[in-house]
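In case you want the letters, here they are:
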Amino acid sequence: YALALVKSKISKSEDSRKWKMLLPSIYELDYDYVNAIKEYNRIESEYGAAAAIYYYRSYCYKVLGDNENAIKDITKCLESGDGYDYYPLSRRAHIFQDAGMYDMAIADFTKMIEMEPMVAYGYYCRGWCYEFAGDDRKAMDDYNAGIDIDKNYVGLYMMRGRLHRKQGNMELAKPDFEKV
């Protein structure tokens, strides 16, 4: 219904731009990322490049497993952004993370931490990357730093507990797991 309604508004409206911008998000809500990308491409062709198009289209590529195009788009978003890049950096870092490109992910998570040093999320994500890249000491440092910032971030306790367990230290792991 929503798709038909928006298409109707596009055909009847004198200024259909806002309706055209809504169309790809309706496709996304229906998990139809291929058509969402087509609409983002159509909008970009008609109205020109925009950071928002790159940002949202990168998610569609990511979900479809096309990390190469996802990284290209989110990087264009960062290059054309307004200077506050926290959320685009987060998206790109997660794409790098999902692709196993841990060094690139760590670099972006580090930039996020520099932008928002009192937000535990960056430490959680960067710690995860350090751990999967094989640097348990840096991972533990980040999990601890994140917990120092936010004592209620259960994901940090879970990851720190897993790392303690991995290192054979159940005495330290148990209290972390109990917080989860």
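Reading the values: the criteria
- Each residue is numbered by its place in its chain's sequence as written, counting from 1.
- In keeping with the predicted nature of the model, local features appear solely for residues at pLDDT of at least 70, side-chain atom pairs appear and are counted solely at 80 or more, and the whole-chain, interface and lining totals rest on all residues.
- The side-chain values count all of the structure's non-hydrogen atoms but skip hydrogen atoms and water molecules.
- Aromatic pairing here means that ring centres of Phe, Tyr or Trp (its six-membered ring) are within 6.5 Å. Orientation follows from the plane angle: under 30 degrees is stacked, over 60 is edge-to-face, and everything else is tilted.
- Only DSSP runs of H or I reaching four residues or more are called helices, and only runs of E reaching two or more are called strands; each is numbered from the N terminus.
- Remark: exposure states derive from per-residue accessible area (1.4 Å probe, protein chains only) relative to the maximum for the residue type, with buried under 20%, exposed over 50%, and partly exposed in between.
- To form a nonpolar core, buried Ala, Val, Leu, Ile, Met, Phe, Trp, Tyr and Cys residues must be joined to one another through side-chain atoms within 4.5 Å.
- Residue contacts are counted whenever heavy atoms from the two residues lie within 4.5 Å of one another.
- One side-chain nitrogen of Lys or Arg within 4 Å of one carboxyl oxygen of Asp or Glu is enough to make a salt bridge.
- Think of each axis as a best-fit line through the C-alpha atoms, taken over the contacting stretch in the case of a helix, with angles from 0 to 180 degrees between the N-to-C directions.
- Angular relationships are summarised with four words: roughly parallel below 35 degrees, roughly antiparallel beyond 145, roughly perpendicular across 65 to 115, and oblique for the angles in between.
- Crossing handedness: left-handed means the near helix sits turned counterclockwise from the far one by under a right angle, and right-handed means the same turn made clockwise.
- Each residue gets one of three labels, nonpolar for Ala, Val, Leu, Ile, Met, Phe, Trp, Tyr, Cys and Pro, charged for Asp, Glu, Lys and Arg, and polar for the others, Gly among them.
- The positive count covers Lys and Arg only, the negative count covers Asp and Glu only, and His and the chain ends enter neither.
- For a helix, the expected span equals 1.5 Å multiplied by the residue count minus one.
- Think of it as the arc spanned by the lines of direction from the helix axis to the C-beta atoms.

Caption draft 1: Representation of the packing of aromatic side chains in the model. One pass over the full model with this rule turns up 8 aromatic pairs. Measuring from ring centre to ring centre gives 6.5 Å for Y102 and F132, while their planes differ by 40°; the resulting arrangement is tilted. Taken together, the residues Y102 in helix α7 (residues 102-115) and F132 in helix α8 (residues 120-132) connect sequence positions 30 residues apart. Here the aromatic rings of W128 and F132 are separated by 4.0 Å at their centres, their planes lie at 20°, and the arrangement is stacked. Linking W128 with F132, this pair stays in helix α8, spanning 4 residues, or about one helical turn. The partly exposed category is assigned to W128, whose relative accessible area is 21%. Judged by relative accessible area, which is 41%, F132 ranks as partly exposed. Ring-pair connections join several aromatic residues into one group, and the members of that group are Y31, Y33 and Y59.

Caption draft 2: Representation of the nonpolar core in the model. C60, F109, Y124, C129, Y143 and L156 are the most contacted members of the largest nonpolar core, which totals 43 residues. Setting aside its immediate chain neighbours within four residues, F109 contacts A93, H94, Q97, G122, C125, R126 and C129.

Caption draft 3: Local environment of the pattern of salt bridges. Going through the model one piece at a time under the given rule, you end up with 15 salt bridges. Its salt-bridge partner being D108, residue R92 comes within 2.6 Å of it at the nearest N-O pair. Of this pair, R92 sits in helix α6 (residues 86-98) while D108 is found in helix α7, placing the two residues 16 residues apart along the sequence. Each member of the pair, R92 as well as D108, carries the same accessibility label: buried. Across the salt bridge formed by R137 and D141, the nearest N and O atoms sit 3.1 Å from each other.

Caption draft 4: Layout of the packing of helix α10 (residues 154-166) against helix α11 (residues 170-179). It is the contact of α10 with α11, at a shortest axis distance of 8 Å, that shows an interaxial angle of 160°. Classified by the angle between their axes, α10 and α11 sit roughly antiparallel to one another. The two elements α10 and α11 cross, and the hand of that crossing is left-handed. Between α10, through V154, Y157, M158, R160, G161, R162, H164 and R165, and α11, the contact on the second element is made entirely by M170, L172, A173, D176, F177 and K179. Looking at side-chain class alone, the contact of α10 with α11 contains 7 nonpolar, 2 polar and 5 charged residues.

Caption draft 5: Looking closely at the side chain of R91. Relative to the helices and strands, R91 resides in helix α6. Buried charged residue R91 carries no salt bridge. Nearest counter-charge: E28, at 6.9 Å.

Caption draft 6: Spotlight on helix α9 (residues 136-149). With 14 residues, α9 extends 20 Å between its outermost C-alpha atoms, agreeing within 8% with the 20 Å of an ideal straight helix rising 1.5 Å per residue. Of the residues making up α9, those classed as buried are D136, A139, M140, D142, Y143, G146 and I147. Each buried residue of α9 sits inside an arc of 160° when the element is viewed along its axis, so together they form one side. With respect to the buried face of α9, the exposed residues turned more than 90 degrees away are R137 and D148. Buried residues belonging to α9 abut α8 and α10.

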